[in-house]
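Observations on the three-dimensional arrangement
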Amino acid sequence: MLRLKKFFSDVLREMRKVSWPKRKELTRYTITVITTVAFFAIFFGVVDLGISELIRVILE
């Protein structure tokens, strides 16, 4: 039990040292991630459609 208490005490101490992003930075990072995910989703969707059509043409 003592080890568990020490563990959480150490975690709390380390969390106080963390440099958390400011609201503006967090918003910028979030927009960047969402834009990147959307871009790659569209990109791979188009590539998938292209490959599907190519395979459909080859098999006909």
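One structure accompanies this document, and this report is about it.

Remarks on the pattern of salt bridges
- Per the stated rule, a full pass over the model turns up four salt bridges.
- Residues Asp10 and Lys6 are paired through a salt bridge, measuring 3.1 Å at the closest nitrogen-oxygen approach. Here Asp10 and its partner Lys6 are both found in helix α1 (residues 2-17), four residues apart, which amounts to about one turn of the helix.
- Relative accessible area serves as the criterion here: at 25%, Asp10 is assigned to the partly exposed category.
- Notably, a salt bridge pairs Lys17 with Glu14, separated by 3.3 Å at the nearest N-O pair. You can see Lys17 and its partner Glu14 sitting in helix α1, three residues apart, about one turn around the helix.

Observations concerning the packing of aromatic side chains
- A complete count under the given rule lists five aromatic pairs for this structure.
- Seen from their ring centres, Phe40 and Phe44 are 6.1 Å apart, and the 25° between their planes marks the pair as stacked. Of this pair, Phe40 and Phe44 are both found in helix α2 (residues 23-59), four residues apart, which corresponds to roughly one turn of the helix.
- Pairwise contacts between aromatic rings join Phe39, Phe40, Phe43 and Phe44 into one cluster.

The rules behind the values
Residues numbered from 1 in each chain as written. Predicted model: local features only at pLDDT ≥ 70, side-chain atom pairs only at ≥ 80, totals over all residues. Heavy atoms only, no water. Salt bridge = Lys/Arg side-chain N within 4 Å of Asp/Glu carboxyl O. Helix = DSSP H or I, 4+ residues; strand = E, 2+ residues; numbered from the N terminus. Buried < 20%, exposed > 50% of the residue type's maximum accessible area, 1.4 Å probe, protein only. Phe/Tyr/Trp six-rings, centres within 6.5 Å; stacked < 30°, edge-to-face > 60°.

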